[in-house]
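# Inside the fold
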Number of protein chains: 2
Amino acid sequence: MHHDHVESHLKSSATLTDIVIGMSDGLTVPFALAAGLSAVASSHTITIAGIAEIAAGSIAMGLGGYLAGKTEQDHYKSEMGREYDEVENLRHVEIEETKEFFANIGLSPELQDKATAEIAQDKDRWVDFMMKYELGLEKPDPKRATHSALNIGLSYIAGGIIPLSPYFFISDATQALKISVVATLVCLFIFGFFKSKITGVNPVWGALRVTLIGAMAAAAAFGVAKLFEQ
Amino acid sequence: MHHDHVESHLKSSATLTDIVIGMSDGLTVPFALAAGLSAVASSHTITIAGIAEIAAGSIAMGLGGYLAGKTEQDHYKSEMGREYDEVENLRHVEIEETKEFFANIGLSPELQDKATAEIAQDKDRWVDFMMKYELGLEKPDPKRATHSALNIGLSYIAGGIIPLSPYFFISDATQALKISVVATLVCLFIFGFFKSKITGVNPVWGALRVTLIGAMAAAAAFGVAKLFEQ
């Protein structure tokens, strides 16, 4: 029963997952960059660098997500063509592979033969079966790539504005950094919490991990920028 | 036969995949950031901002990869505990779910019953079966998370140094940008080519897509920085 729950949950939350991914990355990298630059630059420079990073990151992540989705579709199509070809022209090989699947899950030789014979009756069904259980490929949703790209890209922008906004209004970079750190760590904790809920990890523990990664990235960027300042 | 090939290929190239992912992202984002800042800042500022971004991005991506790996392990463990519990205490539900699996792949009611009876004989095997084919979860490699984090993080750094290096040596940001654009687009094409080979897409077409994403991210960052310069 919990499986139905998990599955429906996972499907309805594909959008939510994209948003949380985009937003937590958008919070982390522009945050760390701004923190790093606070060691060496003015609020004005940090604002411009931050906005350039948000533009670059959202496009790279968004289009990256789009590309990954398209690649998945191409890959699925080409593998499906191959399977149809093999079912047609290398029937004995496919029969062996289907038997092997049933052997691997623990069926007796007798049932392996019977089950294989039944599945091989319907070519479409057989190919579907091979795609899913031999190759482990799910049929990709054709609209997923575009939606995913938009969701991730826009969430990256929304996430990135949070650590950057103090620098818009406060000209002293060190002062802006303090507010940025507090606001971003709070948001990272909240998003880490939801991210963990989606993936089924202990939410508080997961939230602490995500927050810690953000803090470490920011501290490293700050340290490295200080080091290279001279 | 091509399946064995694909599978062994995919396993041996897990490291390669990490490297290509880290490197192509490391090429894209620091490249776009540097290009954006070239509209408004000196080579010295761009170098520091770029290094801060590489530190931030490599930690965020590396630790992000580590976290994803750990989450996958936690998720697998908790689901496995649940399955053992259900096989023990909700045997009739699990029997129904197992039958449903065999019904979905197209077996006759008679074989559904027989196959389910055989699988349900061995508890460990049954749970393995449910994990893999009902929940679609593969047993994660425990060392994978740490390796993946290191590979992605280090490749991000290696990738990021390429677009940034002209700014180390050329004080005129516009001149440095020109070399950075050429060097980075060439590298993006090469990495796009290998990335496509790994995922089984047409390599030249895939390489062009990856290069285009990098170019668009850089152009957007440049445009946005120019816009906010005033």
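Up top is the structure these notes are about.
We now turn to the structure provided with this report. (Residues numbered from 1 in each chain as written. Chains lettered and ligands numbered in written order. Predicted model: local features only at pLDDT ≥ 70, side-chain atom pairs only at ≥ 80, totals over all residues. Heavy atoms only, no water.)

Further remarks concern the interface of chain A and chain B. At the junction of the two partners, chain A supplies 68 residues and chain B supplies 69 residues. With both sides pooled, the region where chain A packs onto chain B buries about 5600 Å², and carbon together with sulfur makes up 71% of that total. The interface formed by chain A and chain B contains zero salt bridges. If you look at where chain A meets chain B, you find zero residue pairs in polar contact (both at pLDDT 80 or more). Going through the elements one at a time, α1 (2-12), α2 (14-38), α3 (43-89), α4 (91-104), α5 (109-119), α6 (123-134) and α9 (203-227) of chain A are the ones with two or more residues in the side of chain A that touches chain B. Looking at the side of chain A that touches chain B, the element that brings in the most residues is α3(A), giving 22 residues. Classifying every residue of the side of chain A that touches chain B gives 39 nonpolar, 13 polar and 16 charged. (Contact = heavy atoms within 4.5 Å. Buried area = accessible area lost by both parts, 1.4 Å probe. Salt bridge = Lys/Arg side-chain N within 4 Å of Asp/Glu carboxyl O. Polar contact = N/O pair within 3.5 Å; in protein donor to acceptor, adjacent residues only side chain to side chain. Helix = DSSP H or I, 4+ residues; strand = E, 2+ residues; numbered from the N terminus. Nonpolar A, V, L, I, M, F, W, Y, C, P; charged D, E, K, R; others polar.)

Ranked by size, the top nonpolar core spans 48 residues in total, and within it A:Leu37, A:Ile46, B:Leu37 and B:Ile46 carry the most contacts. Those residues in contact with B:Leu37, other than ones at most four positions away along the chain, are A:Ile48, A:Ala49, B:Ile46 and B:Ala49. In terms of nonpolar packing, the next biggest core, distinct from the first, is built from 37 residues, A:Leu107, A:Met131, A:Tyr133 and B:Phe129 among them. (Core = buried A, V, L, I, M, F, W, Y, C linked by side-chain atoms within 4.5 Å. Buried < 20%, exposed > 50% of the residue type's maximum accessible area, 1.4 Å probe, protein only.)

Its rotation angle being 180°, the transformation that places chain A on chain B also includes 0.0 Å of axial translation and leaves an RMSD of 0.1 Å. Look at the turn and shift together and you get a two-fold axis relating the two. (Least-squares fit on C-alpha atoms with pLDDT ≥ 70 in both.)

Our next topic: the environment of A:Ala120. Residues and elements named next belong to chain A. Of note, Ala120 is situated in the loop between α5 and α6. The buried category is assigned to Ala120, whose relative accessible area is 8%. Along the backbone, Ala120 and Ile157 are 37 residues apart, and their C-alpha atoms lie at a distance of 50 Å.

Turning our attention to the side chain of B:Thr211. All names here are of chain B. With respect to the helices and strands, Thr211 occurs in helix α9 (residues 203-227). Taking the relative accessible area as the measure of exposure, Thr211 reaches 13% and is therefore buried. Residues in contact with Thr211, not counting those within four places in the same chain, are Leu185, Leu188 and Phe189.

Residues and elements named next belong to chain A. Counted according to the given criterion, the structure contains four salt bridges over all chains. Note that Glu79 is salt-bridged to Arg82, the shortest N-O span being 3.2 Å. One end of the pair is Glu79 and the other is Arg82, both in helix α3 and three residues apart, which spans about a single turn. In this structure Arg82 comes out as partly exposed when scored by relative accessible area, which is 39%.

Our next topic: the side chain of A:Gln73. Residue and element names in this part refer to chain A. Structurally, the position occupied by Gln73 is in helix α3. Residue classification places Gln73 among the buried residues on the basis of a relative accessible area of 14%. Ignoring sequence-local partners within four residues, the contact set of Gln73 consists of Pro140, Asp141, Pro142 and Ala145.

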